[in-house]
Amino acid sequence: MKIEAAVTHGQGEEFKIGEVELAEPRSNEVLVRVVATGVCHTDAVARDNGIVPYPIVLGHEGAGIVEQAGENVKAVGPGDHVVLSYSSCGHCENCLSAHPSTCEKMNDLNFGSQGIERLEQDGRPVATFFGQSSFATYAVADERNVVKVPDDVELELLGPLGCGIQTGSGTVLACLKPAFGSTIVVYGCGAVGLSAVMAAKIAGCRTVIAVDVHESRLELARELGADYALNGAEVDVVEEIGKATGAGTHYAVETTGVPAVVHQSLAALRPLGTVAIVGITPEMTVDMFGEIMAEGKTVAGVIEGDTVPQLFIPELVEYYRQGRFPFDKLVKYYDFEDINQAFEDSRTGKTIKPVVKMR
């Protein structure tokens, strides 16, 4: 079928909206009319750093309505409201032990389009992203990508739950699982970090500290539950965390990927503390003994919050309904024609979580 999609034709090139041919869903796949899609930092990394094949339709935080389901699809059917998340094989040891975000085929399925041939433009194959390619009016996705959500919640809002917001909140609730009354610091107050702040309040953390260099984001962090909001450009973050906690925090979530901030996150932990690294971090040097071993600290790399989307995303929707997870405060809407502006605003941090509405 013919659809409209925002195609990236080469590394660092802007999106061009045009007609693309989308294959019919196979027996294990669903056809989704995309209502809206979030714009994530991972889209920026993929477009600008040459880690995907081109041309490609990016987008991996889709939300829409199922129009057709393959004969072997059991979880959803036509008319269901769904969020699209990442792709996994469902068969490897990690998938079978409830850790699909570390699927053995994670990179191939989400960044390389291995075995997924759904899109074509002018007779030339177009690569699929995260098994969905939601920067389009329609998407075909494997049943494992699809999460059914209630139809009484604004569907346009829910797309970011598929990646960024799932990542921040899942890192806290599903991976770190902080004990009631513990302390936590979140480095970086973008969509991922602010989701972690909200999740920390749900978990019952006694002290939640947010760190950023933008006062507007720190103000929002306070509104969402942070007990302390530290401007890393103005204060000694490690010293201030020590004053607030006495001995450092039990947990930390590092979303920036900035090596100096990663070092701060380790230094501000108390002995036996754990930091979850979520931001895409370049190669860096760590003093394994002085920064980690000497005080029994743990560094954990976390992808997609280490969650099972089909279980976790409906939980987030319920927290939202209860007023305990107001992630709508992060969202700004854009029209499909303005996707390049949404992308730029996301990349520069002007908008915390752009959501593009389809036509």
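Rules used throughout
Residues numbered from 1 in each chain as written. Predicted model: local features only at pLDDT ≥ 70, side-chain atom pairs only at ≥ 80, totals over all residues. Heavy atoms only, no water. Helix = DSSP H or I, 4+ residues; strand = E, 2+ residues; numbered from the N terminus. Rg over C-alpha atoms; globule rule 2.2 N^0.38 Å. Buried < 20%, exposed > 50% of the residue type's maximum accessible area, 1.4 Å probe, protein only. Areas by Shrake-Rupley, 256 points an atom, 1.4 Å probe, with all protein chains shown as cover. Pairing = 2+ DSSP bridges. Axes fitted to C-alpha atoms, helices over the stretch in contact; angles between N-to-C directions. Contact = heavy atoms within 4.5 Å. Expected span 1.5 Å × (residues − 1). Domains from an automatic or database assignment. Buried area = accessible area lost by both parts, 1.4 Å probe. Salt bridge = Lys/Arg side-chain N within 4 Å of Asp/Glu carboxyl O.

Visitor: Could you clarify how one ought to interpret the overall build of the protein chain in this entry?
Guide: In terms of regular secondary structure, the protein chain is built from twelve helices and 18 strands. The C-alpha atoms of the protein chain give a radius of gyration of 20 Å, which matches the 21 Å a tight globule of 359 residues would have. With the principal axes as the frame, the protein chain shows a C-alpha extent of 60 × 40 × 35 Å. Taken over 359 residues, the protein chain has a buried fraction of 58%. Roughly 14600 Å² of accessible area belongs to the protein chain as shown, and the carbon and sulfur atoms make up 48% of that amount.

Visitor: What is the right way to look at the sheet that holds strand E16 (residues 298-301) in this model?
Guide: By way of backbone hydrogen bonds, the strands of a sheet pair with one another, either parallel or antiparallel. Spatially, E13-E12-E11-E14-E15-E16 is the arrangement adopted by the six strands of the open sheet, whose pairing is parallel. Looking along the sheet, the strands with just one partner apiece sit at the ends: strand E13 (228-231) and E16. Going from strand to strand, the sheet's axes swing by 20° on average, the running direction of each strand aside. Judged from the four bridges that link them, strand E12 (residues 207-212) and E13 form a sheet pairing that is parallel. Paired with Ile 209 across the bridge in E13 is Tyr 228. Contacts from helix H5 (residues 164-176) reach strand E11 (183-187), strand E14 (249-254) and strand E15 (269-277), with the element oriented near 135° to E14.

Visitor: Please clarify how the sheet that holds strand E4 (residues 56-57) should be interpreted in this entry.
Guide: Here five strands make up a closed barrel; going around it, the order is E1-E2-E7-E8-E4 and the pairing mixed. Relative to strand E7 (residues 119-121), strand E2 (residues 16-22) runs antiparallel, the two being bridged by two bridges. Paired with Glu 21 across the bridge in E7 is Glu 120.

Visitor: Would you mind showing me how to read helix H6 (residues 191-203) here?
Guide: Each turn of an α-helix holds 3.6 residues, which means side chains three or four residues apart point in the same direction. Counted at 1.5 Å a residue, the expected span for H6 with its 13 residues is 18 Å, and the 18 Å between its end C-alpha atoms agrees. In terms of burial, H6 is largely enclosed, as twelve of its 13 residues are buried. Ala 191, Val 192, Gly 193, Leu 194, Ser 195, Ala 196, Val 197, Met 198, Ala 199, Ala 200, Ile 202 and Ala 203 are the residues of H6 that are buried. Remark: Gly 204 follows H6 within two positions and exhibits a positive phi of approximately 85°.

Visitor: When you look at the pairing of strand E6 (residues 81-84) in this model, what are you seeing that I'm missing?
Guide: Side-chain positions along a regular strand alternate between the two faces of the sheet. Of the two faces of E6, the one holding His 81 and Val 83 and the one holding Val 82 and Leu 84 are both buried throughout. As judged from the three bridges shared by strand E5 (residues 62-69) and E6, these two strands associate in the antiparallel manner. Paired with Ala 63 across the strands is Val 83, a residue of E6. Note: E6 against strand E10 (residues 146-148), three bridges, orientation antiparallel.

Visitor: Please explain the environment of Met 1 as it appears in this structure.
Guide: Positionally, Met 1 belongs in the segment before strand E1 (2-8). The exposure class of Met 1 is partly exposed, given its relative accessible area of 28%. Taking the C-alpha atoms as reference points, Met 1 and Cys 92, 91 residues apart in sequence, are found 33 Å from one another.

Visitor: Got a minute to help me understand the domain arrangement of the protein chain in this structure?
Guide: How big an interface is tends to be reported as the loss of accessible area on association of its parts. Per the domain assignment, the segments making up the protein chain are domain 1 (2-163 + 306-357) and domain 2 (167-301). Distance between the C-alpha centres of domain 1 and domain 2: 28 Å. Each side of the interface is counted separately: domain 1 has 17 residues, and domain 2 has 18 residues. Between domain 1 and domain 2, the buried area comes to about 1500 Å², and carbon and sulfur atoms account for 72% of it.

Visitor: In this structure, what is going on with the pattern of salt bridges? I would like to understand it.
Guide: Opposite charge on two side chains permits them to pair, given that their charged atoms come into close proximity. Scanning the model with the defined rule gives 17 salt bridges in all. A salt bridge links Lys 243 to Glu 240; the nearest nitrogen and oxygen atoms lie 3.4 Å apart. Residue Lys 243 and its partner Glu 240 are both found in helix H8 (residues 237-245); the two are separated by three residues, about one turn of the helix. Classification of Lys 243 by relative accessible area gives exposed; the value is 57%. Overall, Glu 240 belongs to the partly exposed group, its relative accessible area being 25%.

Visitor: Honestly, unusual backbone geometry in this entry has me stumped. Any pointers?
Guide: The phi angle of most residues is negative, glycine excepted, and most peptide bonds adopt the trans form. The omega torsion across Tyr 54 and Pro 55 is -5°, close enough to zero to call that bond cis. Inspection of the secondary structure puts Pro 55 in the loop between helix H1 (41-49) and E4. The phi dihedral of Leu 272 is positive, around 70°, even though this residue is not glycine. Take Leu 272: it is sitting in strand E15.

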